[in-house]
Amino acid sequence: MYAMQSFSYFHRTAQLIHNHHYLKSIFIIEIQLVFTFGRDTPKMARSHWLSIAALSAILCGGVHTFMPITTDQRQISHVDITETAILRKTAEVCRDRAQKEGRPFSLTIDSRLSASAVQAACSPGSDPSLLSSIKFKDAIMKVYMSNWGVDSGSHFNDPEYHFANETFREGRNLITQGRTIVKKSVTEESFLSARVTLGKICHTLQDFYSHSNWIELKNQAAFSTLIKPDVPVTNLAGKCSHGGCFDQTSKQKPIGGISKDTTDSEHGNRHVDAANMAMTATMELLEDIRGAVGDINFLRLMCITDSSVLAFVIDTTGSMSDEINEAKRLVFTIIDSNQASSFILVPFNDPHFGPLTRTTDAALFKQRIAALGANGGGDIPEMCLSGLQLALTGAPPLSEIFVFTDAPAKDIYLKSTVLSLIESTKSVVNFMLTGVLSGRHRRSSDSNNRVQQQQFSSHIFQELAQASGGLAIQASKANLPQATSIILDSTTSALVTLFQAVRNPGKDEDFIFMVDPSIRNLTAYITGNSVTYSLQNPLGVQQSSAEPNGPLGSIQAVGNLNRIQLNLQEGLWKIRISSTQPYQLKVTGRSTVDFIFTFLNIFMDPLKGMELNEGRPQVGTNTTLFLTVTSNTPVNVTEVSLVEASGAGQTNGTLQDLGRGNYLITVDKMPEGVFNVRVSGMSASSSQSSSTVFQRQSNTQIKASSLIVSVQGISNLEPGVPISIPFTVRSPGSNPLHLIRVHGDKSFVQKFTGMLSLVNGSAQGSVNLIAPGDTLSGTDVTVTITAESSDRSDSNYAVVRLSVVTKVTDISPPVCQGNTTGNCSGTCSLSSWELSANITDDNGTGVTSVSARGGNGTLNSTISVGEGGINVTQVFYSASCCAPDLELVVVDAVGNVGRCIYSVRAPSTRAPPSTGAPPSTGTPPSTGAAAPSTRAPPSTGAAPSTRAPPSTGAAPSTGAAAPSTGAAAPSTGAAAPSTGAAPSTTAPPTVPVTPSKGAASLAPRLLVWASLLIILKAFIAM
């Protein structure tokens, strides 16, 4: 009997270990003890296992990668590396654009950059007090969360994702293929998919420098071959032990390993060097992507913008002419006032919805919305939720979406999918309803049925709006122009939510909220029928709802909406609402102080094992939030609470400061009802010497679930090739049957498991998809998988984002051949020089763009057919001799980037353009360079540690400028080993990456106790 128990425990432990690598050491000890103590009593054996497992956790406490995040000032994490690289590269792009446009750029580009500082430097002419960096920070967060997801997801045991087991070429292929996907996704404006893919390949790229002997071989530049598919991976280093308890080769002579994951690793003394090199390599990757997509699209990828997204979902049936005309008026007003930078439009009727228009071209958006007309309709309900689903998947996260309709929804089966997308994207949805309750005058034979449909849909619209933090505004068609003032309010930049509450049923209640000095445009919205209220400011001055213009502000009432523009007064405000009917209160303002958050699943030490919780958090258990606060002045978070929307109570979390505005919040028990996240803290005011209290609340409402939906083995789609996505539903409950719903934003879903019967609390299903053969590469696909208990009392979801990728056979960049003419001796302002160059892509996909960088001259190009029928792009460039340097960035159709470097400088001795050294094969390993092993990646290609100085010769009359197939070296001091290093006269000095600031790490103690608890839990479950 005991032997069977031991085998059962062994089997469960093996499954746990397969999913979570850091338990392998515990597993090794325990499997030995199964035999050693097999004759003991279970109690004795378990006692031994607990003790030795804890000891094993202490001895094998290292990680197999850079930490995902850290509070230890000695360590540099994946977050540090990724965020620093993005901030620096984004700042460089904005610096180069400023120089090209003749604008000043004063930001120092070093490791002390913040998202708010870069956002401000990239937004000339904007009011700093109203310039929020929350969307920029959210984009960075998406990248580094995808980065650390490689360690916690299905790729943990895949060696090529970590450069383990000598998978050099496989790891390089992952990086170069992912690089192509990112470029194509950006080209198709699928920015969210691009960020997710970018994070994954950054992880693999960064791991190379910790797990190889590149640093030990004293290379001073990144191994650029990792992002160059056309350069062979040669001169591989000898085997190098990674080290640690899991690496059996580390026990062979020479003993040890070369891991540089942390300062406590075998080669921990080189941890900082490895992290800095990983950051440099990440910047090279970003530079390569920038070259392929252009500066503007690169900034859109990073969500650098000082204005909002305008997203409209519009019913275009016959009775909607008034609403469509009002939408047109609003669009023209917003565009003419430059309040929006990106535009989304989704029309719908019955049975059609779409297409999605997504553009930054204001003139095009005006044309598309001007072309809308009201016609048709048939029966009353329309495909409203289908249109909303398309907008939620097409719009950036944190968007404000406005739905115009006068009819009920026909596709109410999409309600759970839309709710999942709202929670996933944290977008706000507002409904402008002009006929849902009052009746729609179209064909209907059953007036009672029509009223029931309208009331039911009105309830759904209100539920969706409240879940997103939006409003469901009901107004007559005649009063719609007054109600749409909320759209003008919402399209302003730096909009934050100070407070919101929903009461259903309604009751008399006082609501208190804090206004800090950073707030502008303080506005309160109250929706509901038969609502009265009174206002009180911090000085005790009051105003009732019967006073449209009083001492505290102006009140505009239309339909079920009360819009209250409040006079600013710092301190505690009170609004007392009286009603027996359901109502909603929301208070907003404009401020740079804002926050974003996500839930995490923690394994053991929260700094070493975690994964992003894509769905709802688990009810009744402890959970962890990762929270980021943005501000243009220093802030300190003092309290994070989960506030129940019903007002029943709140749950406070325990804070851990990670630095860079990031916090981990541990909550002992998730509330069972719907809740919002509320953040309070102290903010330094630019106008006051002392700190002041601030308060913010999330828009999105969240409800915890007892279900867990997880997706395994996500891969990308190739046109015409079917794939299957496996998923698992787990639940500790007694209800075994669960209904599965799967919906995609495109018609790619072929079939899926519609019902699951859970056995021992879990079951697996699958979703089959196929993209049509003519689907464009870079197209993004969003699939939402929802699991619902058979009694419909509980549900959870997983959102899967895929990219469609065609096979790429063209891996070589375009090449240049050119001549320069001109005499640049003497006074530079009195002379000029010219370049004539031919750019070809041989038998590749063809040149698609040519741009100039580093010069301020005039660039023109034409296309002709050359020898053998190959297209030739002829480039003509002229500039003043005061701008003697030029870098041509040439891109082909699949995103391969070539860089052609030219320079003219006195004296007038002619010389061919510098082509630089060919890709270096690096310092070959000597027999004592590193320990032979079965783990380490290659060591090829050492580039100079500083960028090449400008050529001292004049421009040549003939010659070819060989393009660099990799990225230009970042301005941190390290250069890519490219064939032609561009002169850099503006590069800032090298500043090493510095670790995040925060409390000293508690990892060792946490690891011990977590090991004990996990194993104890396993035995209790037996």
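Thresholds applied
- Residues numbered from 1 in each chain as written.
- Predicted model: local features only at pLDDT ≥ 70, side-chain atom pairs only at ≥ 80, totals over all residues.
- Heavy atoms only, no water.
- Helix = DSSP H or I, 4+ residues; strand = E, 2+ residues; numbered from the N terminus.
- Buried < 20%, exposed > 50% of the residue type's maximum accessible area, 1.4 Å probe, protein only.
- Contact = heavy atoms within 4.5 Å.
- Areas by Shrake-Rupley, 256 points an atom, 1.4 Å probe, with all protein chains shown as cover.
- Salt bridge = Lys/Arg side-chain N within 4 Å of Asp/Glu carboxyl O.
- Core = buried A, V, L, I, M, F, W, Y, C linked by side-chain atoms within 4.5 Å.
- Pairing = 2+ DSSP bridges.
- Axes fitted to C-alpha atoms, helices over the stretch in contact; angles between N-to-C directions.
- Phe/Tyr/Trp six-rings, centres within 6.5 Å; stacked < 30°, edge-to-face > 60°.

This paragraph deals with the overall build of the chain. Scanning the chain for helices and strands turns up 18 helices and 40 strands. Counting across all 1022 residues of the chain, residues that qualify as buried make up 56%. Long-range pairs, those at least 24 residues apart, make up 75% of the contacts in the chain between residues at least 6 apart in sequence. Total accessible area on the chain is roughly 39,300 Å²; 53% of this is exposed by carbon and sulfur atoms.

Our focus in this paragraph is the pattern of salt bridges. Tallied over the entire structure, the rule returns 37 salt bridges. Residues Asp-288 and Lys-183 are paired through a salt bridge, measuring 2.7 Å at the closest nitrogen-oxygen approach. One end of the pair, Asp-288, is in helix H9 (residues 271–293); the other, Lys-183, is in helix H7 (residues 168–187), and 105 residues separate them in sequence. The residues Asp-288 and Lys-183 share a single accessibility class, namely buried. By sharing partners, the salt bridges in this structure join Lys-89, Glu-92, Arg-95, Asp-96, Glu-287, Arg-290, Asp-295, Arg-853, Glu-887 and Arg-899 into a single network.

Quick look at the nonpolar core now. Most often, soluble globular proteins have nonpolar side chains that are buried together. Counting 67 residues, the largest nonpolar core has Phe-136, Leu-198, Tyr-209, Met-302 and Phe-626 as its most contacted members. It is H9 that contributes the most residues to this core, 12 residues altogether. Among residues more than four places away in sequence, those in contact with Met-302 are Ile-86, Thr-90, Lys-135, Phe-136, Ala-139, Leu-198 and Leu-286. Formed by 32 residues, the second largest nonpolar core is a distinct cluster that contains Ala-311, Ala-395, Ala-409 and Ala-465.

With that out of the way, let us pick up the sheet that holds strand E5 (residues 428–433). Spatial ordering of the open sheet is given by E3-E2-E1-E4-E5-E6, a layout of 6 strands whose pairing is mixed. For this open sheet the edge positions go to strand E3 (357–359) and strand E6 (472–474), each flanked by a neighbour on one side alone. The sheet shows a mean angle of 15 degrees between the axes of neighbouring strands, direction not considered. Across 5 bridges, the pairing between strand E1 (residues 308–315) and strand E4 (residues 400–405) is parallel. Its bridge partner lying in E4, Ala-311 is registered against Ile-401. Taken strand by strand, helix H11 (residues 321–336) contacts E1, strand E2 (340–348) and E4, and its axis lies near 170 degrees from that of E1.

Turning to the environment of Val-805, a few remarks are in order. Following the sequence through the fold, Val-805 ends up in the loop between strand E33 (795–803) and strand E34 (815–821). We classify Val-805 as buried; its relative accessible area is 17%. As a C-alpha pair, Val-805 and Ser-777 span 28 residues in sequence and 4.7 Å in three-dimensional space. Not counting residues within four places of it along the chain, the set of residues in contact with Val-805 comprises Ile-181, Asn-716, Leu-717, Glu-718, Pro-719 and Ser-777.

For strand E32 (residues 780–789), the buried fraction is high: 10 of the 10 residues fall into the buried class. Here E32 shows no split at all, with Asp-780, Thr-782, Thr-784, Thr-786 and Glu-788 on one side and Val-781, Val-783, Ile-785, Ala-787 and Ser-789 on the other all buried. With 7 bridges joining them, strand E28 (residues 737–744) and E32 adopt antiparallel strand pairing. Paired with Val-742 across the strands is Ile-785, a residue of E32. Sheet topology note: the E32/E33 ladder contains 9 bridges and is antiparallel.

This paragraph deals with the packing of aromatic side chains. Under the defined criterion, the tally for this structure stands at 20 aromatic pairs. With centroids separated by 5.5 Å and ring planes inclined at 80 degrees, the aromatic side chains of Trp-148 and Phe-626 adopt a geometry described as edge-to-face. Of this pair, Trp-148 sits in helix H6 (residues 134–152) while Phe-626 sits in strand E18 (residues 623–630), and the two are 478 residues apart along the sequence. Judged on exposure class, the residue Trp-148 and its partner Phe-626 are both buried.

It is worth stressing that arrangement in space is one thing and function is another; only the former is reported here.
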